[in-house]
Amino acid sequence: MLAVIRLTVNQESALHGVQELPVLGWEIESHNRNVRQTAYRIQISQDQNFDNILLRGEWQESECSNNVSLTELMLTSSQHYFIRVQIRDNYGETSAWSSPAEMISGVLYSHEWLADFITAETSADKDNSGATLLRKPFVLNRAEDIQSAFIHVSALGLYELHLNGHKVGEDALTPGWTSYHHHLLYQTYDVTGHLEKGENVIGAIVGAGWYKGDMGFSRHRNYYGERSALISQLVINYNDGSHEIVVSDESWKGQDSAILFSEIYDGETYDARREIPGWCVKGFAEKGWRPVSLAMHEKSTLVAQGSNRVRKMGEIKPVALLTTPQGDTVIDFGQNLSGWVEFTVSGKAGDKVVLRHFEVLDAEGNVYLDNLRSARQRTEYVLKGKGAETWHPHFTWQGFRFVKVEEYPAQLDLNNFTAIVLHSDMEQTGSFACSNPDLNQLHHNILWGLKGNFVDVPTDCPQRDERLGWTGDAQIFCRTASYLMQTRNFFAKWLTDLRYDQTAEGGVPHVIPDILTGYCGQDRLLSEGGTHSASAWADAAVINPWTMYLMYGDTNVLENQYASMKGWIDFMTAHAENYIWHYKLQFGDWVALDAKEGSYFGATPNDLTCTAYYAYSTQLFAKAAKALNRTEDYQHYTALHQAIVRRFQEEFFTPSGRLAARTQTAHILALYFNLVPDEFRQRTTDTLVELLNEHDGHLVTGFVGTPYFCHALSQNGRTKEAWNLLLKEDFPSWLYQVKAGATTVWEHWDGIKPDGSMWSADMNSFNHYAYGAVGEWLYRVAAGIEADEEQPGFKHVIIKPQTGGGLSWLDTRYQSIYGAIGVRWEVSGHTVFLNVTVPANTSATVVLTDGQSVQEADGIDFVRCAQGYTAEVGSGEYRVEYRLV
């Protein structure tokens with residue numbers, strides 16, 4: 001049987017808000033092996049039953065089943081569209097029509113925005129962290145004739161939308177954080193069926209958020225503006241083809257809310273006694289409500305956000321109630337997470353619940369808040385005193401595992417507390433399990449590090465007074481993140497802001513969105529050194545788009561970011577001296593253990609690190625130019641890459657082949673970025689192993705060297721050493737954190753030292769995903785699921801597992817855009833039992849690394865190769881048995 005089992009638009013099952021036509025993709029299911037699609041056809045309708053077909057596509061003779069462009073459809077604003085596909089395969093079978101994917105169009109053109117930004121604040125409120133209410137009653141006389149109704153909403157600040165007394169949608173922290181002056185997202189909600197005949201009421205709560213709130217370690221306010229504001233456009237489509245539009249304008253009214261204070265770092269104060277019952281239902285008297293005023297903001301910046309919004313992604317109940325040696329009452333949720341605590345409480349009017357959120361207990365088992373720096377992470381709820389009251393914050397979130405209960409007016413019952421996990425809504429695509437439980441916990445920690453830090457932007461940490469989109473962290477972790485989750489749209493959004501915040505010369509800020517430039521405050525390092533263009537950080541401009549292309553096969557990200565990518569390469573070239581690049585402030589191998597005492601900067605020289613990344617990014621950009629058929633750029637930047645490599649080798653290698661900088665990171669970068677002369681590769685590899693052995697098999701690398709360490713070993717015949725490094729259990733190692741009870745990845749190898757003391761107070765996050773970049777090695781090498789850049793998106797996959805580490809089995813799946821790629825291996829003595837799953841309409845190269853002989857091939861024609869055995873296979877499930885050398 002042949003079937004299309006999943007149809008996607010921009011790799012999502014639905015898009016609620018689009019301005020540009022998405023790309024289509026689908027997964028194919030068949031009982032046959034070696035299945036290839038031979039043709040497809042598409043239909044598009046505005047009704048789910050396809051009674052009225054807008055586009056009746058002809059059969060297209062094509063094997064393409066992903067990143068299929070919709071070129072024949074003309075979108076109209078504020079409409080619902082349903083899409084389905086039918087395919088044929090190389091066995092002559094024809095599938096039934098797929099289940100439909102759906103999309104709702106947004107406001108396609110700026111002039112169609114009839115709504116204005118409105119605010120209930122004045123300039124005197126610029127330092128006000130409370131939230132305001134906005135409301136608009138309107139009358140519908142033809143509710144029974146409504147075909148569809150959609151509301152498009154955004155804010156300068158954060159908003160929560162209500163309609164007729166009910167919250168609209170399940171999103172949180174909307175519209176998110178962007179480079180507001182250039183790029184402001186709006187959300188689209190289907191409210192068909194929620195409108196009533198007669199009076200209806202739209203309402204919104206609006207808070208400061210990132211727009212005007214207290215942000216960054218400099219603790220400035222009003223980065224983008226001084227007044228929070230809302231824009232809302234409700235479009236009602238009637239059965240007769242007519243429309244009615246209700247917009248935000250000066251006819252709305254405003255009032256202060258029960259949210260007295262809400263800041264991202266410091267938490268929220270809510271006085272339930274100040275709630276206004278019925279404020280968003282019909283018949284409400286607006287006595288005392290004030291007129292709103294218009295807020296100026298360029299509407300051309302508004303862009304539809306169809307997916308990846310922040311929302312509740314899970315619940316965690318407490319695992320323990322503790323009384324610390326100092327007498328504090330603490331709730332332990334057992335998992336470091338990002339989100340908020342929802343609780344139920346009963347008491348008298350004026351009673352309070354006060355919670356402080358934090359990550360770890362200190363060595364004595366007491367509450368540890370020092371690593372939060374100035375972030376208070378505090379929520380306060382004042383009861384109204386009317387039975388059981390349930391509450392959670394609105395416009396803030398916390399990074400925590402533990403909660404200190406400072407006030408609670410009743411007997412404390414853990415059943416009344418729930419941790420709500422918040423992060424951007426992304427499909428989990430990777431799963432990993434093996435015979436080593438510590439390695440399984442490490443994978444868990446890496447995944448939860450992603451969850452805790454992918455809250456609309458890829459932040460460095462979710463707890464202290466920072467939570468910024470550091471480019472280095474995002475670049476380092478990008479490939480790992482893209483095995484764990486479907487990150488295509490998440491990173492596309494963030495990269496758009498990178499493009500907008502880039503300097504005119506092509507320099508890339510340290511954080512995106514950029515709130516450091518001009519606001520360094522008390523940070524001497526940044527104010528004296530500069531706020532953009534650090535090697536390995538700014539290279540996110542090139543590495544992240546290339547990774548998206550590699551993982552998802554879509555050239556759109558390369559097209560969208562091409563000028564940005566080129567700008568960064570040209571910036572480095574403009575500031576290089578004879579192809580050696582070094583510019584102002586460099587973070588280098590950040591927080592490496594070979595740094596001088598008291599320094600954050602590792603021992604690897606900056607000119608080596610910078611030039612290595614200059615070469616690597618230039619090579620990737622040349623590949624991007626080739627993928628887009630930009631031949632002239634491909635030739636130019638290929639030649640530039642070759643010149644940089646030659647200069648690197650002249651500058652940093654002696655004639656006898658010794659790498660001048662004797663650090664682990666220097667050797668790792670030279671090997672992984674292919675900067676080593678062929679004749680010196682063995683010596684460089686051997687020296688890296690020597691440097692490893694000098695530290696008893698431990699790493700001393702920081703942010704730059706760590707992500708590639710295991711790769712540099714396994715790619716050069718030292719897989720055993722890579723496994724040994726990964727599985728070290730004492731400090732410094734990944735499993736040291738696991739053994740210490742970590743549930744996420746730490747910022748420092750010894751965030752908590754063996755004696756229980758802390759690394760530092762000023763920079764010691766316990767949810768910092770950078771070192772979790774080793775997760776990429778688990779998928780690409782241990783499981784062996786590797787992308788082929790000649791057929792990206794896993795249209796062709798290289799399956800080359802490398803057993804080791806004393807593991808008796810490993811089981812991994814990656815949900816590619818074509819379907820699940822599965823690898824399971826079991827080792828018994830010298831025999832390996834390998835199970836492989838290859839999705840329909842794809843192919844794979846299977847390599848049996850170190851295979852001595854093949855006992856069971858399951859119909860695969862293996863041939864001898866330098867690495868063991870190799871074979872080309874089509875789709876299907878295969879079981880292979882072979883003996884190791």
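What you see is a predicted model, and the numbers here were worked out from it, not measured in a lab.

Draft legend 1. Molecular detail of the overall build of the protein. Within the protein one finds 15 helices and 47 strands. If one aligns the C-alpha atoms of the protein with their principal axes, the spans along those axes are about 85 × 70 × 55 Å. Buried positions account for 64% of the 885 residues belonging to the protein. The contacts in the protein between residues at least 6 apart in sequence include a share of 75% that link residues at least 24 apart.

Draft legend 2. View of the packing of aromatic side chains. For the structure shown, the criterion picks out 57 aromatic pairs. Ring centres of W546 and Y549 lie 5.2 Å apart, and the angle between their planes is 50 degrees; this geometry places the pair in the tilted category. Placement of both W546 and Y549 in helix α6 (residues 540-552) is noted, with a separation of three residues, approximately one turn of the helix. Note on accessibility: W546 and Y549 belong to one class, buried. Here Y672 and Y708 contribute two aromatic rings whose centre-to-centre distance is 4.5 Å and whose plane-to-plane angle is 20 degrees, an arrangement assigned as stacked.

Draft legend 3. Molecular detail of the side chain of R647. By secondary structure assignment, the location of R647 is in helix α9 (residues 631-652). Ignoring sequence-local partners within four residues, the contact set of R647 consists of N578, Y579 and I580.

Draft legend 4. Representation of the nonpolar core. Counting 222 residues, the largest nonpolar core has L439, W568, L726, W734 and W777 as its most contacted members. A total of twelve residues in this core trace back to one element, the largest contributor, which is helix α8 (residues 606-627). Residues within four places of W777 in sequence aside, it is in contact with C710, H711, S714, A722, W723, L726 and A782. Judged by nonpolar contacts, the second largest core, of 28 residues, contains I118, V168, A204 and V206.

Draft legend 5. Local environment of the packing of α8 against helix α10 (residues 664-672). Where α8 meets α10, the axes come as close as 10 Å, and the angle between the chain directions of the two elements is 15 degrees. In terms of orientation, α8 lies roughly parallel with respect to α10. Pair α8 / α10 crosses with left-handed handedness. Contacts between α8 and α10 involve L608, T609, A612, Y613 and Y616 from the former and A666, L669 and Y672 from the latter.

Draft legend 6. How the structure looks around the sheet that holds strand β7 (residues 66-69). On the basis of which strands lie adjacent, the open sheet formed by three strands has the order β1-β3-β7 and antiparallel pairing. With partners counted over all chains shown, the strands left at the sheet margins are β1 (2-9) and β7, one partner each. Shown here is a sheet whose adjacent strand axes are inclined to one another by a mean of 35 degrees, direction ignored. As paired elements, strand β3 (residues 23-30) and β7 share three bridges and run antiparallel to each other. Residue V23 lies in a different strand from β7, and its bridge partner there is S69.

Draft legend 7. Region of the structure containing α8. A rise of 1.5 Å per residue sets the reference length of α8, with its 22 residues, at 32 Å; its end C-alpha atoms lie 31 Å apart and thus fit the reference within 8%. Most of α8 sits out of view: 16 of its 22 residues are buried. Phi for N629, located one or two positions after α8, is positive at around 60 degrees.

Draft legend 8. Focus on the pairing of strand β4 (residues 37-45). With respect to burial, β4 is a largely interior element, seven of its nine residues being buried. Examined bridge by bridge, β4 and strand β8 (residues 80-89) share eight bridges and lie antiparallel to one another. Residue Y40 lies in a different strand from β8, and its bridge partner there is I87. As defined by bridge partners, β4 adjoins strand β6 (residues 60-61) across two bridges and the pair is classed as antiparallel. Counted as the bridge partner of A39 is E61 from β6. Two strands pair when backbone bridges link them, and β4 and strand β5 (residues 53-56) are joined in this way by three bridges, in the antiparallel orientation. Along β5, the bridge assignment pairs I44 with L55.

Draft legend 9. Expanded view of the packing of α6 against helix α7 (residues 556-575). Two numbers describe how α6 lies on α7: the axes approach to 8 Å, and their chain directions differ by 155 degrees. The orientation of α6 with respect to α7, classified from their angle, is roughly antiparallel. Note that α6 runs across α7; the crossing there is left-handed. Where α6 abuts α7, its residues A541, V542, P545, W546, M548 and Y549 lie against V557, L558, Q561, S564, M565, W568 and I569. Residues that form the contact of α6 with α7 fall into these classes: eleven nonpolar, two polar and no charged.

Draft legend 10. Main features of the pattern of salt bridges. Inspection of the entire model under this criterion finds 54 salt bridges. Residue R219 is joined to D214 by a salt bridge in which the shortest nitrogen-to-oxygen separation is 2.8 Å. Among the residues examined, D214 registers a relative accessible area of 14% and is labelled buried. In this structure, the salt-bridge partner of R464 is E466, at a minimum N-O distance of 2.9 Å. The pair formed by R464 and E466 is uniform in burial state, with each residue classed as buried. Several salt bridges converge on common partners, so that one network encompasses R373, D460, R464, D465, E466 and E747.

Draft legend 11. Up close: the sheet that holds strand β16 (residues 198-207). With antiparallel pairing, the six strands of this open sheet are ordered in space as β14-β13-β16-β11-β19-β22. What marks the edges here is a single partner per strand, and that holds for β14 (166-167) and β22 (290-291). Direction of pairing for strand β19 (residues 253-256) relative to β22: antiparallel, over a ladder of two bridges. Opposite K253, over in β22, you have P291 as the bridge partner.

Draft legend 12. Broad picture of α7. Relative to the 28 Å expected for 20 residues at 1.5 Å per residue, α7 spans 29 Å between its end C-alpha atoms, a close match to the ideal helical length. When the local axis directions of α7 are compared, the greatest deviation, roughly 55 degrees, occurs at Y562. The set of residues buried in α7 consists of V557, L558, Q561, Y562, S564, M565, G567, W568, I569, F571 and M572. Turning to α7, the residues buried within the fold contact α4 (488-501), α6, β36 (576-577), β37 (580-581), α8 and α9.

How each quantity is defined
- Within any chain, residue numbers begin from 1 and follow the written order of that chain's sequence.
- Per-residue local features are limited, in this predicted model, to residues with pLDDT of at least 70; the limit for side-chain atom pairs, both in listing and counting, is 80 or more; totals at the level of whole chains, interfaces and linings are taken over all residues.
- Side-chain metrics rest on all non-hydrogen atoms present in the structure, leaving aside hydrogens and water.
- A run of H or I in DSSP becomes a helix once it reaches four residues, and a run of E becomes a strand once it reaches two; helices and strands are each numbered from the N terminus.
- Each residue is assigned to one of three classes by its accessible area relative to the maximum for its type, calculated with a 1.4 Å probe on protein chains only: buried under 20%, partly exposed between the two thresholds, exposed over 50%.
- Note on definitions: a residue-residue contact is assigned when non-hydrogen atoms from the two residues lie within 4.5 Å.
- Working definition: rings of Phe, Tyr and Trp (its six-membered ring) pair if their centres are within 6.5 Å, and the pair is stacked with planes under 30 degrees apart, edge-to-face with planes over 60 apart, and tilted otherwise.
- Buried residues of nine kinds, namely Ala, Val, Leu, Ile, Met, Phe, Trp, Tyr and Cys, make up a nonpolar core once their side-chain atoms join them within 4.5 Å.
- Axis definition: a line fitted to C-alpha atoms, limited for helices to the stretch in contact. Angles are taken between N-to-C directions and run from 0 to 180 degrees.
- Roughly parallel refers to an angle under 35 degrees, roughly antiparallel to one over 145, roughly perpendicular to one between 65 and 115, and oblique to any angle outside these ranges.
- It is the rotation of the near helix from the far one that decides the hand of a crossing: anticlockwise by less than a right angle makes it left-handed, clockwise makes it right-handed.
- Here, strands pair whenever DSSP counts at least two bridges between them.
- Given a helix with a known number of residues, its expected span is that number minus one, times 1.5 Å.
- Amino acids outside the nonpolar list (Ala, Val, Leu, Ile, Met, Phe, Trp, Tyr, Cys, Pro) and the charged list (Asp, Glu, Lys, Arg) are all regarded as polar, and Gly is one of them.
- In the sections that follow, a salt bridge refers to a side-chain nitrogen of Lys or Arg positioned within 4 Å of a carboxyl oxygen of Asp or Glu.
- The angle separating two fitted axes, one through the seven residues that finish at a residue and one through the seven that start at it, defines the bend at that residue.

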